[in-house]
Amino acid sequence: MKRSFILLGALLLDLQLSLFTSQLSLSSSARACTNLIVGKKASKDGSVIISYSCDDYGAFGSLQVIPAADHPSGTMHPIYHYESNNYLGEIPEAAHTYGVVGLMNEFQLTIHETTFGGREELTDTVSGLIDYGSLMTLTLQRARTAREAIKVMTDLTETYGYESGGESFTIADPNEVWIMDMIGKGPGRKGTVWVAVRIPDDCISGHANQSRIRRFPLKDKENCLYAKDVISFARERGYFSGKDSEFSFSEAYAPTDFGAQRYCEARVWSYFNKWAAEDMTPYLPYAMGERTDQVLPLYTRPRGLLSVQDVKDMMRDHYEGTPLAMTEDAGMGPWEMPYRPTPLSYEVDGRKYFNERPISTQQTANVYVSQMRSWLPDHIGGVVWFGNDDTNMVPLTPVYCCTTSAPECYAATTADAFHFSTRSAYWVQNWVSNMVYLRYSVLFPELQSVRDRLEADYNSLQDEVERKASAMSRDEAVRYLSGYSHRTAGAMLDEWNQLAQLIVVKYNDMAVKRMDGNGQYEKTPGGNPRPVLRPGYPEKYRQQIIKQTGSLYQIPQ
């Protein structure tokens with residue numbers, strides 16, 4: 001399915017400038033994220049794998065590392081809002097808290113999220129004390145398994161109130177994965193209504209800013225947990241009036257609309273479309289925003305076993321090879337860029353239009369692909385594959401869940417949202433990305449080759465690193481794996497600084513300096529650069545210019 005390829009030069013220039021300024025904008029917006037899920041029997045090596053992109057313009061990405069600690073009786077834990085950093089209040093601290101690296105704790109328990117918002121009247125910013133991000137961190141510090149985490153999360157919101165809108169959480173440990181949809185009860189009413197469904201070990205799943213749990217088994221306590229009033233509260237508020245067996249969490253608390261399907265569910269459809277054993281074509285109308293009863297399943301069996309690398313690569317998806325592909329219309333610009341500036345919707349001559357919203361997006365602040373393995377000691381089995389920008393534009397480096405401090409390039413203390421630093425992965429990687437976006441078809445292959453080489457190196461070293469760690473005492477292994485996590489991140493940053501400089505030098509002024517087969521610039525005998533290559537616009541774009549301008553730029557015969 002091809003879209004019309006009508007190109008307007010002035011519009012494209014404005015689009016490119018808009019993309020650049022939007023990427024650097026510091027204005028705050030709600031986080032819009034993607035989680036992909038692979039059960040342990042759906043992965044190639046038995047790992048549980050889940051991913052998370054934190055997508056929010058203006059958010060500065062860093063990797064949190066919180067050491068395990070003991071706390072005297074009476075110690076209070078301050079709550080700062082995950083997004084705004086505003087102080088919300090405090091709660092009693094646990095006597096002992098577990099170590100956390102990224103969004104994984106020392107027992108490989110991992111929690112990721114996407115925001116679905118749901119019914120606005122159920123958000124309690126008046127008396128709710130715990131926001132969704134604080135809830136995740138508190139739980140990682142207090143729980144050892146996914147089932148325990150569900151209880152901790154729901155107990156905390158019941159006791160102290162829930163400040164955020166609707167959230168979908170991926171809650172995983174080395175043995176199982178759950179999706180939990182949660183929403184508050186409105187101002188002045190503590191607690192939440194929620195449902196948690198275990199994803200079968202041999203299945204894949206995902207969520208992307210839309211509640212995905214519809215009907216659920218009311219009597220299967222092994223694989224489904226829920227608030228005792230999840231149905232009765234919906235009846236009370238007038239969201240549902242049918243039989244209990246007909247109750248759908250999503251339909252009651254977060255009804256879908258065009259945006260929920262096209263902007264959100266479409267990302268899950270793209271994952272399923274690539275990996276599901278089942279034909280996903282019948283669900284395409286739903287993903288494209290049509291009103292249909294053929295809604296996506298919560299989970300599905302894959303056509304083959306997935307690796308960690310497969311999940312990393314899926315987080316780089318722009319709907320390639322589907323009717324939603326982003327390189328078939330004017331929005332891609334002359335350099336075939338599979339990105340669009342926000343906002344998602346806009347108006348032209350009084351009519352509303354929209355941009356596609358794929359998994360891979362320029363506003364990603366950081367990304368996690370979390371790997372958990374039951375057959376290894378926790379300090380070796382848990383790996384956070386971390387990146388500080390759009391997954392498509394960066395390599396993910398391994399950070400083990402026992403790491404004692406954040407690598408300097410990922411640390412919150414290295415830089416911030418207002419100050420650039422060549423020591424900060426966030427800024428160096430955004431620097432490179434923003435150069436590449438505007439001449440994507442020319443520059444991206446340069447980036448891709450470095451990205452893929454680095455990830456191939458990390459993958460090839462993983463077994464050897466972990467064999468060495470397994471032969472050590474726990475304390476020795478922690479020091480070794482922490483050091484390895486720091487070294488790989490630091491070496492990556494060095495490569496990315498070099499890549500930034502190469503792009504400036506080699507591709508200066510929209511030309512290309514010539515290089516020989518050994519990767520050296522070609523020079524004259526006197527040491528000057530050989531005449532540069534000037535590739536100009538791609539052929540497809542040249543043809544569109546001529547279609548629009550006719551003979552205006554034709555050279556007379």
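Residues numbered from 1 in each chain as written. Predicted model: local features only at pLDDT ≥ 70, side-chain atom pairs only at ≥ 80, totals over all residues. Heavy atoms only, no water.

Draft legend 1. Quick peek at the overall build of the protein chain. Helices and strands together make up the secondary structure of the protein chain, namely 13 helices and 21 strands. Each principal axis of the C-alpha distribution contributes one length, and for the protein chain these read about 80 × 60 × 45 Å. Considering the protein chain as a whole, with its 557 residues, one finds that 56% of them fall into the buried category. When contacts within the protein chain are restricted to residue pairs at least 6 apart in sequence, those whose partners lie at least 24 apart make up 71%. Of the roughly 23900 Å² of accessible surface on the protein chain, a fraction of 52% belongs to carbon and sulfur atoms. Across the protein chain, the centroid of the 55 positively charged side chains sits 3 Å from that of the 67 negatively charged ones. (Helix = DSSP H or I, 4+ residues; strand = E, 2+ residues; numbered from the N terminus. Buried < 20%, exposed > 50% of the residue type's maximum accessible area, 1.4 Å probe, protein only. Contact = heavy atoms within 4.5 Å. Areas by Shrake-Rupley, 256 points an atom, 1.4 Å probe, with all protein chains shown as cover. Lys, Arg positive; Asp, Glu negative; His and termini not counted. Charge placed at Lys NZ, Arg CZ, Asp CG, Glu CD.)

Draft legend 2. Geometry of the environment of Asp 329. Relative to the elements of secondary structure, Asp 329 occurs in the loop between helix H8 (308–314) and strand S17 (345–348). For the pair Asp 329 and Lys 468, spaced 139 residues apart in the sequence, the C-alpha separation amounts to 51 Å. In this structure the side chain of Asp 329 is engaged in a polar contact, spanning 3.0 Å, whose partner is the side chain of Arg 340. (Polar contact = N/O pair within 3.5 Å; in protein donor to acceptor, adjacent residues only side chain to side chain.)

Draft legend 3. A look at the nonpolar core. If you look at the biggest cluster of nonpolar residues, it comprises 142 residues, and the most contacted ones within it are Phe 169, Ile 171, Phe 247 and Tyr 253. The dominant element in this core, judged by the number of residues it contributes, is helix H12 (residues 474–506), at twelve residues. (Core = buried A, V, L, I, M, F, W, Y, C linked by side-chain atoms within 4.5 Å.)

Draft legend 4. Layout of the environment of Tyr 368. Looking at the element boundaries, Tyr 368 is found in strand S19 (residues 364–372). Residue classification places Tyr 368 among the buried positions, given a relative accessible area of 4%. Note: C-alpha distance between Tyr 368 and Ser 53 (315 residues apart in sequence) is 6.4 Å. Those residues in contact with Tyr 368 that lie beyond four places of it in its chain are Ile 50, Ser 51, Tyr 52, Ser 62, Leu 63, Gly 102, Leu 103, His 112, Val 384, Trp 385 and Phe 386.

Draft legend 5. A look at the packing of aromatic side chains. In this structure the tally under the stated criterion is 27 aromatic pairs. On the numbers, 6.3 Å between centres and 80° between planes, the contact of Phe 258 with Tyr 263 is edge-to-face. The class for Phe 258 is partly exposed, based on a relative accessible area of 33%. Judged by relative accessible area, which is 16%, Tyr 263 ranks as buried. (Phe/Tyr/Trp six-rings, centres within 6.5 Å; stacked < 30°, edge-to-face > 60°.)

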